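Structural description and commentary
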Amino acid sequence: MERREARGGTLVLGGGFGGLQCARKLARKEVDVLLVDRNNYHLFTPLLYQVASSLLNPSEISFPLRHILRRRKNVRVRRAEVARIDFHAQRAITVEGHAFEYDWLVIATGAETNFYGIDSVEQASFGLKDLPDGMALRNHVLDCFEAALLETDPTARQGWLTFLVVGGGPTGVEYAGALCELFRLVLPADFPDLDVHRSSVILVEALDRLLYEFPAQLGEYTKEALEQRGVEVRLGTRVTGVDGDSAVRLADGSVLSARTLIWAAGVRPVAPATEPPLPRTRQGRIEVDGSLLVRGQERVFAIGDAAAMLDDGKPLAMMAPQAMQAGRHVAAQILRASRGLPLEPFRYRDKGVMATIGRSAGVAAVGPLRLKGFIGWIAWLVIHLYFLIGFRNRFVVLSRWTYNYFRLDRPIRLIASSAPSKRRRTVSSSSP
Ligand SMILES: Cc1cc2nc3c(=O)[nH]c(=O)nc-3n(C[C@H](O)[C@H](O)[C@H](O)COP(=O)(O)OP(=O)(O)OC[C@H]3O[C@@H](n4cnc5c(N)ncnc54)[C@H](O)[C@@H]3O)c2cc1C
């Protein structure tokens, strides 16, 4: 039975980078705003890998939406998962049957991990997309060392100590670097009776270089820097499947034995079912026009990862600055429309790309500027600290980074789960 929350105004679906910017920009303006998210917090995904590698606590990279918006009287928040949207009735319906009515709708529901239809990989691997993913991965990685300690068979023990990261984009690179740091600098003291240095991190990328969105020279530098830190980088091959509970198959014919497969090889857009169905591109992103209105709809915008936002005819990358700029643009259009003004086209201002590799090593490309090494790392730290929400979070994260830098420590080494980790795949190694 459908329960209605009768209220017009603007309904923003998703409190991620795009949706939150939109709601903030509409705050204290002459419109009613309802922000709906299935979580009650905003997640700062760029630092998720630091939760998964024992450096940060979940609460330091996420912030309650109600707190962020508490002084914005015209903005209300609901924690709910929207299951479907009826465009004719201008209504979004939650999985529990609650209905939110709208005059304007902004779809900002983001993306989910894409396993490209490889079921065996989906079942066997860990994603790194949301907070539960990050915490599950941290628990599992630490648990692997506990299991290795109890393992008497040397081959089986090596399986516990082998970590396969799939995807050479920023997430894969950053996590592979962070794991090496954890294994090399921190865990040996925790496990004096285990040869922790036998642990290995393998990064697999289907393309012929890392960080494909970055200039080639920075991709090459990243590969060298990771290898110096002990990561084995395998380019030009991809994971094709996982055989039962055993080995990970690669396209080049080799079989790697690893109990841990971390999937950072791609995401796909996600949005509730709609009536009529949303127009989609081949990649599944929602088709929008120049002002970010969903094609065929006059009162529905789509932004961020979920939408195929174009820049000079090419789809924009699924990244936070793109979503944030789109959120602000759409808010401005809703205000313009409420004043009877025509909509303006969306223009993306390229802010560049950056990634960190590990201690004192990062890469950044901003306009013609290319930064790498220590200076690239500092640029990464400053920008990420700046965009992190909340003074407390910035303060705590900066303290943790400083502590980690000088004490070589990653202090959140808790296996915070009563259930044993998903222990997968047996161990046996073979080459083509
Ligand atoms: C691990 C990781 C690291 C990343 N690092 C970077 C980086 O360094 N730099 C960068 O620019 N980008 C990075 N990204 C990409 C960036 O996070 C995304 O591009 C950005 O979050 C997109 O913003 P969005 O608003 O479209 O979606 P999101 O920020 O994902 O927000 C979507 C929101 O919608 C909610 N939602 C989804 N479906 C529903 C529903 N049916 N009902 C209610 N709520 C729903 C979700 O809970 C979520 O809060 C990273 C992503 C990941 C996963």
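One can find the structure itself at the top, above this paragraph.
Residues numbered from 1 in each chain as written. Predicted model: local features only at pLDDT ≥ 70, side-chain atom pairs only at ≥ 80, totals over all residues. Heavy atoms only, no water.

Our focus in this paragraph is the overall build of the protein. A tally of helices and strands in the protein yields 11 helices and 29 strands. For the protein, the C-alpha radius of gyration of 23 Å lies close to 22 Å, the compact-globule estimate for 432 residues. Here the C-alpha coordinates of the protein stretch approximately 70 × 45 × 40 Å along the principal axes. The 432 residues of the protein split such that 54% are buried. (Helix = DSSP H or I, 4+ residues; strand = E, 2+ residues; numbered from the N terminus. Rg over C-alpha atoms; globule rule 2.2 N^0.38 Å. Buried < 20%, exposed > 50% of the residue type's maximum accessible area, 1.4 Å probe, protein only.)

Pairing is parallel across the open sheet formed by five strands, whose spatial order is E6-E3-E2-E10-E23. Both outer strands of the open sheet, strand E6 (75–79) and strand E23 (300–302), are each paired with one neighbouring strand and no more. Recorded for the sheet is a direction-independent mean angle of 20° between the axes of neighbouring strands. In the sheet, strand E3 (residues 33–37) pairs with E6 via five bridges, with the strands oriented parallel. (Pairing = 2+ DSSP bridges. Axes fitted to C-alpha atoms, helices over the stretch in contact; angles between N-to-C directions.)

This paragraph deals with empty space enclosed by the protein. This structure, assessed with the given rule, holds two cavities of 30 Å³ or more. The volume enclosed by the largest cavity comes to roughly 180 Å³. As for the largest cavity, its lining consists of 16 residues, and the residues nearest its centre are Tyr 49, Gln 50, Leu 55, Trp 377 and Arg 410. When residues of the lining of the largest cavity are traced back to their parent elements, those giving at least two are helix H2 (48–51), helix H7 (170–190), strand E27 (353–358), helix H10 (374–387) and helix H11 (391–407). Looking at the lining of the largest cavity, its residues break down into eight nonpolar, four polar and four charged. (1 Å grid on protein atoms, 1.4 Å probe; cavity = no way out; pocket = protein on both sides within 12 Å on 5 of 7 lines; lining within 4 Å. Points joined across faces, edges and corners; volume = space filled by probe spheres on them. Nonpolar A, V, L, I, M, F, W, Y, C, P; charged D, E, K, R; others polar.)

All right, on to the site of the ligand then. As a matter of local geometry, the ligand sits amid 27 residues, with Gly 18, Asp 37, Thr 45, Asp 305 and Ala 320 nearest to it. Interatomic distance of 3.5 Å between a side-chain N/O atom of Asn 39 and an oxygen atom of the ligand. Relative to its unbound accessible surface of 990 Å², the ligand loses 90% to contact with the protein. Among the secondary structure elements, those contributing two or more residues to the shell around the ligand are helix H1 (17–26) and helix H9 (320–338). When residues of the shell around the ligand are assigned to their parent elements, the largest contribution, three residues, is made by H9. (Near = heavy atom within 4 Å. Polar contact = N/O pair within 3.5 Å; in protein donor to acceptor, adjacent residues only side chain to side chain. Areas by Shrake-Rupley, 256 points an atom, 1.4 Å probe, with all protein chains shown as cover.)

Right, let's talk about the sheet that holds strand E28 (residues 361–366) for a bit. Spatially, E27-E28-E29 is the arrangement adopted by the three strands of the open sheet, whose pairing is antiparallel. Sheet topology places E27 and strand E29 (369–373) at the edges, where each strand pairs with a single neighbour. Averaged over neighbouring strand pairs, the angle between their axes works out to 5° when direction is ignored. Relative to E28, E27 runs antiparallel, the two sharing five bridges. If you follow Gly 358 over to E28, its bridge partner there is Ala 361.

Before going further, it helps to spend a moment on the packing of helix H5 (residues 131–150) against H7. As a packed pair, H5 and H7 sit with axes 13 Å apart at the nearest point and diverge in direction by 40°. As judged from the angle between their axes, H5 and H7 are oblique. The handedness of the crossing between H5 and H7 comes out as right-handed. On the side of H5, the interface is formed by Leu 137, Val 141, Leu 142 and Phe 145, while H7 contributes Tyr 175, Leu 179, Leu 182, Phe 183 and Leu 187. (Parallel < 35°, antiparallel > 145°, perpendicular 65-115°, else oblique. Left-handed = near helix turned anticlockwise from the far one by under 90°. Contact = heavy atoms within 4.5 Å.)

Evaluated as defined, the whole model comprises 13 salt bridges. One salt bridge in this structure joins Asp 409 and Arg 413, with 2.9 Å as the shortest N-O distance. What makes Asp 409 buried here is its relative accessible area of 16%. In the salt-bridge network here, residues are joined through shared partners; they are Asp 190, Asp 409 and Arg 413. (Salt bridge = Lys/Arg side-chain N within 4 Å of Asp/Glu carboxyl O.)

Packing of H1 against H9 leaves a shortest axis separation of 7 Å and a crossing angle of 35°. The crossing of H1 and H9 is right-handed. Contacts between H1 and H9 pair Phe 17, Gly 18, Gln 21, Cys 22, Lys 25 and Leu 26 from the former with Ala 320, Ala 323, Met 324, Gly 327, Arg 328, Val 330, Ala 331, Ile 334 and Leu 335 from the latter. For the contact of H1 with H9, the class distribution of residues is 10 nonpolar, three polar and two charged.

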